[in-house]
Amino acid sequence: MSGTTRITVTLPTEQVEELRKMTDNISGYVAEAVARQIRNELLGRYLDDHEAEYGAFTEAEMADAEARLFGPEQSEEPAVAA
């Protein structure tokens, strides 16, 4: 396991109250959320770089990716913008 560094993070009171209801390990919960966000950011950068080099993904490539990620039944629904 890698080392850790203690930091102070300020969160809205309501979020802390909800966190305490969900977990006894707030540090672990936050670390997991940060790791997930970092992975998403890095993946987004990789996909942007890929598209810059090779062009936009085709509809077929996007459908294949959605089927692999969410299963074939989910990939048939139209994507919803976040």
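Everything discussed here concerns the structure shown above.
Quick notes on the rules
- Every chain is numbered independently, its residues counted from 1 as its sequence is written.
- Side-chain atom pairs in this predicted model are given and counted only at pLDDT of 80 or more, local residue features only at pLDDT of at least 70, and totals for whole chains, interfaces and linings cover all residues.
- Each side-chain value is worked out from all heavy atoms of the structure, with water and hydrogens disregarded.
- Put simply, DSSP H or I for four residues or longer makes a helix, DSSP E for two residues or longer makes a strand, and each gets a number counted from the N terminus.
- Definition of a polar contact: a pair of N or O atoms within 3.5 Å, with one able to donate and the other able to accept a hydrogen when the atoms are protein atoms, and with sequence-neighbouring residues admitted only if both atoms are side-chain atoms.
- Patch construction takes residues with relative accessible area above 30% that form no salt bridge. Like charges are linked within 9 Å, and nonpolar side chains (Val, Leu, Ile, Met, Phe, Trp, Tyr) are linked within 5 Å.
- Each accessible area is a Shrake-Rupley estimate made with a 1.4 Å probe; only the visible protein chains count as cover when residues are assessed.
- Think of a salt bridge as a Lys or Arg side-chain nitrogen and an Asp or Glu carboxyl oxygen that are within 4 Å of each other.

K.L.:
Would you mind showing me how to read the side chain of Thr 23 here?
P.N.:
Checked against the element boundaries, Thr 23 lands in the loop between helix H1 (13–22) and helix H2 (26–54). At 2.9 Å, the side chain of Thr 23 forms a polar contact with the backbone nitrogen of Asn 25.

K.L.:
Help me understand a nonpolar patch on the surface in this model?
P.N.:
Among the surface-exposed residues, Met 22, Tyr 29, Val 30, Val 34, Ile 38 and Leu 42 lie close enough to one another that they form a single nonpolar patch of about 530 Å² accessible area. With five residues, the single largest contributor to the nonpolar patch is H2. Structurally, Val 30 is set in helix H2.

Purely spatial values, then, with no claim about function.
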